[in-house]
Amino acid sequence: MEDPQADSSISFLPHLEAKIRQTHNLARLLTKYAEQLLEEYVQQQGDPFGMPGFSPPRLSLAGLSGPSPSHAGLPLSERLRLDAAALGALPALLDAVRRHQAELNPRSPRLQRSLEEAARQARALGAAVETVLAALGSAARGPGPEHSATTALSTANSAASIFSAKVLGLQVCGLYGEWVNRTEGDLSQLVHGGVA
Amino acid sequence: MSTLRIWLTQALFIFLITESIGQLVEPCGYIYPEFPVVQRGSNFTAICVLKEKCLQQYYVNASYIVWKTNHVAVPKEQVTVINRTTSSVTFTDMVLQTVQLTCNVLSFGQIEQNVYGTTVLSGFPPDIPTNLSCIVNEGKNMLCHWDPGRETYLETNYTLKSEWPTEKFADCHSKHGTSCMVSFSPIYFVNIEVWVEAENALGKVSSEAINFDPVDKVKHIPPYNLSVSNSEELSSILKLTWNNSGTLRLKSDIQYRTKDASTWIQVPLEDTESPRTSFTVQDLKPFTEYVFRIRTIKEDGKGYWSDWSEEASGITYEDRPSKPPSFWYKINPSHTQESRSARLIWKELPLSEANGKILDYEVILTQWKSFSQNYTVNGTELIVNLTNNHYIASLAARNVVGKSDTAVLTIPSSHFKASHPVVDLKAFPKDNKLRVEWTAPHKPVKKYIIEWCVLSDNSPCVPDWQQEGGSVTQTYLRGSLLESKCYLITVTPVFTSGPGSSESVKAYLKQAAPSRGPTVRTKKVGKNEAVLEWDQLPVDDQNGFIRNYSISYRTSIGNEIVVNVDSSHTEYTLSPLSSDTLYMVRMAAYTDEGGKDGPEFTFTTPKFAQGEIEAIVVPVCLAFLLTTLLGVLFCFNKRDLIKKHIWPNVPDPSKSHIAQWSPHTPPRHNFNSKDQMYSDGNFTDVSVVEIEANNKKPCPDDLKSLDLFKKEKISTEGHSSGIGGSSCMSSSRPSISSNEENESAQNTASTVQYSTVVHSGYRHQVPSVQVFSRSESTQPLLDSEERPEDLQLADNVDSSDEILPRQQYFKQNCSQPEANPDISHFERSNQVSSGSEEDFVRLKQQQVSDHISQPCGSEQQRLFEEGPATGALGAGTDGQVEQFESVGMETAMDEEIPKSYLPQTVRQGGYMPQ
């Protein structure tokens, strides 16, 4: 007697591969968008952010950090779960940065729109990765980090100066790029390595 | 203070007015439903409820309600009174989109007052939107289209809804009902679900949701910065470079064409499937300008092709001319014995064959078995002086890359006789060009030279020409040809030994109606026909081949007659025509494309044909002349008779001899006067035979006497004694009659004289006294006088005169001069003009008259009456002969005799009737 679940998995594979490929394309597209966002953000913040050799101080964001060097050594599913978690936290941070930029650079609606789209894109990519994880049988962590990250950014915003707010925004945009890029790499391995 | 008072008064007035209006505008009832919307075609019921206070105020109830739609009362069949305050109205099959429904009451039973009104709308619930599709124009937001279905006739809201599985997007409300552009940028590679909701007063529906990845609905921005570059190494390639928008992987679609072409050449899509921003197009023509354009689509083909990019052009690099120029020559006709001038001509190479810019042409002229001369020419002709010998000319074009092959042309000696022309040469328009076809001669042809020029009377034939290969037998004329121009096309085959004979043909690129019509004129106009002639139209006015002429002619009141005439004719005879009629003639010339009328010409046909008048007048004149001549001849021949009848000599009674004689007075003493009487010599003896009408047959005695007379006449012929008849009837004129009777009478008259015995009265008057005239003649008596029986017979006849009218009698000077004075006068005047011959005659008559004047007895008179009759017959005209011969024919004589009257010749020596 045939296993009906096996049949469904067989028919599901093409759709999963397409979904993985689509998610990978999205991650690759967002990688470019993240680079453009970072450039645009730096351009809009004025000196010294655009000056060569400027090295902003590294501030800590509660609930979200950059990918660790050991990220590559983790299993792919684990990495994807970390990616999904980070992408889940980034929209709130990007929205917080957009609100700050609305106050700091009200005459830069394009940046605000880019930040808004970046938040939506991060949310879409996170949802796509979670879908892939779900399809692969792995559960995502859930939206926990988003709340903590937003809290951390708002705390930092209240305590820091305008410069510190710009630096935090720069750091969020940077993190967005790092995680999108990391996700694209992880999905690339999934695409080239196959679902199995 | 006063101002305040006025203000308070106004405020109070306004307050009171407002209160009253508030009470007035309060309706006496309501219509339910208050804002009805009805589905079209369905039934609808409305009710009107009156307020109690209005019932009492206006003394009405629900039965007083009058429903109106669009100011027209609703039939009572549709109205129902529910109770004393409520009335309902029902409409079936609502079709009008908008109906103004009012509830009215007849206050006090007759005054119609509006209670309430509302607008009833009808329409349809929205259909489910179908065919929902979205397009993402790169750089813009997503735009979705759908089909809303049938018209609802109601205000319907369409809302485009979109969402991710994890997020909903803002609704897009359509203003047009068929499309809507979302307010957010689509995110590629994330599926989105989109659907449309439609809602109006009659319902709300949603379309089927579509789920798609926006990246598969993208229409990209066209490629930009397209540039074209050539390669010096390869004259057949051009390299394209461009930029694509976005970050997506795109495939391209490249098209190109030559600059002057209108159709595009497609680069195979397989060659541009992979994403790229450059491409090299191969197999292009050297030194040719090409135009390129590109569009893109997502690599997998999903989505929409972008619009075409802006066009970019580039020119391939030069190559050496691929063909030699067309080469021909013309010999100057005015050459001398030793040399001749030749004009070598050639055509510029077309760009497709020049493969670059032609720098110059190299011409090598080689005389037969002699040295060569090289020429470098920048233009397209070379004039050289040649001897009469055979030459070979070669031509090559040169550009920056190299030199073309050479075109060789043989120029034969001046004594060369061309031959072998093409046959069946035809030229006709085709595809808006002139096509020339011919049949090649039997001899192998190296090439053909086709020359053509416009035939015109105003300008010389300036030929253009082109060259065709030796295997070609049909071609189109290359050059700017004009419509309505006659082209003379000449085809010359060129053999290895030289050019052959030429053949020519005429052709039009496109014919048109002639510019003007022929001018017609009359060459000859006859009574019933006219010969028209005209000149051939000049070739500049023909505008085509004249196929035929039409001649329209008409009179001022007649119908127009149209005659078609072949184009080869230049004259035509109109026939039949009416004489003496004005004709208007107009002539038109026709080509294949129409005709053109010439000026109208008028002519008038003559009343008579040429020579007709002469044909009438001449015969008439000839007939008249002939008649006149015959009349003259006749008159000449019968002049005596005519004279005798028309103007006879009337004797003058005053000279009458007997007038001087009296029975009581012996006349002897008058004898001496004879000479005096006759001395005038003018005497014409006219005897009259008067035959009175007699219905009876002639008496046998008369016939007997007539026979006797005839016998006497015969016997007279036998005698030469000269004894003749009475001087009264004998004519002294020599006889012009040829009969013997005349001769007999003549002889007798010239020899016998008798006296006259008046036997009876003149004109039936019986003389009361017998008058005797004694003859003094010494001549012997006639036979009758010697025969008493004859005389007796005459007496018997005379004795019967009293009972029967005389049958005939002979009477000298029978008429009375008084009875015809005119005639006597006329005669007298004529007597003066009588000629000598007549005088001679008259002389004899005088002699006769002298004898007659002698007295004689009654018997003698009888005989005498018959005697002169014979003499008169002999000396008279034929008419007299006829008259005499008809004596015995009583029927002919009955009418003539009583009327017959001839004036007597009265002369001296005659007698006057008593």
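Below is a short write-up of the structure. Computed from a prediction, not measured in an experiment: that's the story for all the values here.

The next thing to look at is the pattern of salt bridges. Counted under the stated rule, the structure contains 40 salt bridges over all chains. The shortest N-O distance in the salt bridge between glutamate 167 of chain B and arginine 120 of chain A comes to 3.7 Å. Of this pair, glutamate 167 of chain B sits in the loop between β12 (157-163) and β13 (172-173) while arginine 120 of chain A sits in helix α3 (residues 109-136), each in a different chain. Linking arginine 516 of chain B and aspartate 541 of chain B is a salt bridge whose minimum nitrogen-to-oxygen distance equals 2.9 Å. Of this pair, arginine 516 of chain B sits in the loop between β40 (503-508) and β41 (520-525) while aspartate 541 of chain B sits in helix α4 (residues 539-542), and the two are 25 residues apart along the sequence. On the accessibility criterion, aspartate 541 of chain B (17% relative accessible area) is buried.

Attention shifts here to the packing of aromatic side chains. Each aromatic ring pair is summarised here by two numbers: the centre-to-centre distance and the angle between the ring planes. All names here are of chain B. One pass over the full model with this rule turns up 18 aromatic pairs over all chains. Geometrically, the ring pair formed by phenylalanine 124 and tyrosine 153 is tilted, given 6.0 Å between the ring centres and 50 degrees between the ring planes. On the criterion of sequence distance, the pair formed by phenylalanine 124 in the loop between β9 (111-123) and β10 (130-137) and tyrosine 153 in the loop between β11 (142-147) and β12 is long-range, its members being 29 residues apart. Judged by its relative accessible area of 15%, phenylalanine 124 falls in the buried class. Put simply, the rings of Tyr553, Tyr583, Phe601 and Phe603 touch in pairs and so form one group of aromatic residues. Looking at arginine 293, its charged tip hangs above the ring of tryptophan 264, at a distance of 4.2 Å from the centre.

In many reports, interface size means the accessible area that the parts give up when they come together. On the side of chain A, twelve residues touch chain B, which itself brings 13 residues to the contact. Taken as a group, Ile187, Phe189 and Thr247 of chain B account for 46% of the area that chain B buries against chain A, more than any other trio of residues on that side. For the pair chain B and chain A, the interface holds two salt bridges. At the junction of chain B with chain A, the criterion picks out five residue pairs in polar contact (both at pLDDT 80 or more). A per-class count over the side of chain B that touches chain A returns seven nonpolar, four polar and two charged.

Residues and elements named next belong to chain B. One open sheet holds the four strands; their spatial order is β29-β28-β31-β32, and the pairing between them is antiparallel. Single-partner strands in this sheet number two, and they are β29 (372-377) and β32 (407-411). Neighbouring strand axes in the sheet, compared pairwise and without regard to direction, differ in orientation by 20 degrees on average. Strand direction decides the pairing type here: strand β31 (residues 391-398) and β32, joined by five bridges, are antiparallel. When the bridges of β32 are listed, tyrosine 391 appears paired with isoleucine 411.

Here we take up a nonpolar patch on the surface. A cluster of nonpolar residues, Phe608, Ile613, Ile616, Val617 and Val620 of chain B, forms a patch on the protein surface that exposes about 430 Å² of accessible area. Looking at the secondary structure, you find isoleucine 616 of chain B in helix α5 (residues 612-637).

Our next topic: the packing of α3 of chain A against helix α5 (residues 162-193) of chain A. For any two helices packed against each other, the geometry comes down to the angle between their axes and how far apart the axes lie. All names here are of chain A. It is the contact of α3 with α5, at a shortest axis distance of 12 Å, that shows an interaxial angle of 30 degrees. Taken together, α3 and α5 sit at an angle that is classed as roughly parallel. The two elements α3 and α5 cross, and the hand of that crossing is left-handed. Every residue of α5 that contacts α3 at Leu115, Ala118, Gln121, Ala122, Leu125, Val129, Val132 and Leu136 is listed here: Cys173, Tyr176, Val180, Thr183, Leu187 and Leu190. For the contact of α3 with α5, the residue count by class is twelve nonpolar, two polar and no charged.

So, about unusual backbone geometry. Residues and elements named next belong to chain B. Look at the link from tyrosine 32 to proline 33: it is a cis peptide, with omega at -5 degrees. Here proline 33 is to be found in the loop between β1 (29-32) and β2 (37-39). Residues serine 575 and proline 576 are joined by a peptide bond in cis, for which omega reads -5 degrees. Examined against the element boundaries, proline 576 turns out to sit in the loop between β45 (571-574) and β46 (582-591).

What counts, and at which threshold
Residues numbered from 1 in each chain as written. Chains lettered and ligands numbered in written order. Predicted model: local features only at pLDDT ≥ 70, side-chain atom pairs only at ≥ 80, totals over all residues. Heavy atoms only, no water. Salt bridge = Lys/Arg side-chain N within 4 Å of Asp/Glu carboxyl O. Helix = DSSP H or I, 4+ residues; strand = E, 2+ residues; numbered from the N terminus. Buried < 20%, exposed > 50% of the residue type's maximum accessible area, 1.4 Å probe, protein only. Phe/Tyr/Trp six-rings, centres within 6.5 Å; stacked < 30°, edge-to-face > 60°. Lys NZ or Arg CZ within 6 Å of the ring centre and 35° of its normal. Contact = heavy atoms within 4.5 Å. Buried area = accessible area lost by both parts, 1.4 Å probe. Polar contact = N/O pair within 3.5 Å; in protein donor to acceptor, adjacent residues only side chain to side chain. Nonpolar A, V, L, I, M, F, W, Y, C, P; charged D, E, K, R; others polar. Pairing = 2+ DSSP bridges. Axes fitted to C-alpha atoms, helices over the stretch in contact; angles between N-to-C directions. Patch = residues over 30% accessible without salt bridge, like charges linked within 9 Å, V, L, I, M, F, W, Y side chains within 5 Å. Areas by Shrake-Rupley, 256 points an atom, 1.4 Å probe, with all protein chains shown as cover. Parallel < 35°, antiparallel > 145°, perpendicular 65-115°, else oblique. Left-handed = near helix turned anticlockwise from the far one by under 90°.

Interpretation in functional terms is not warranted from these geometric data alone.
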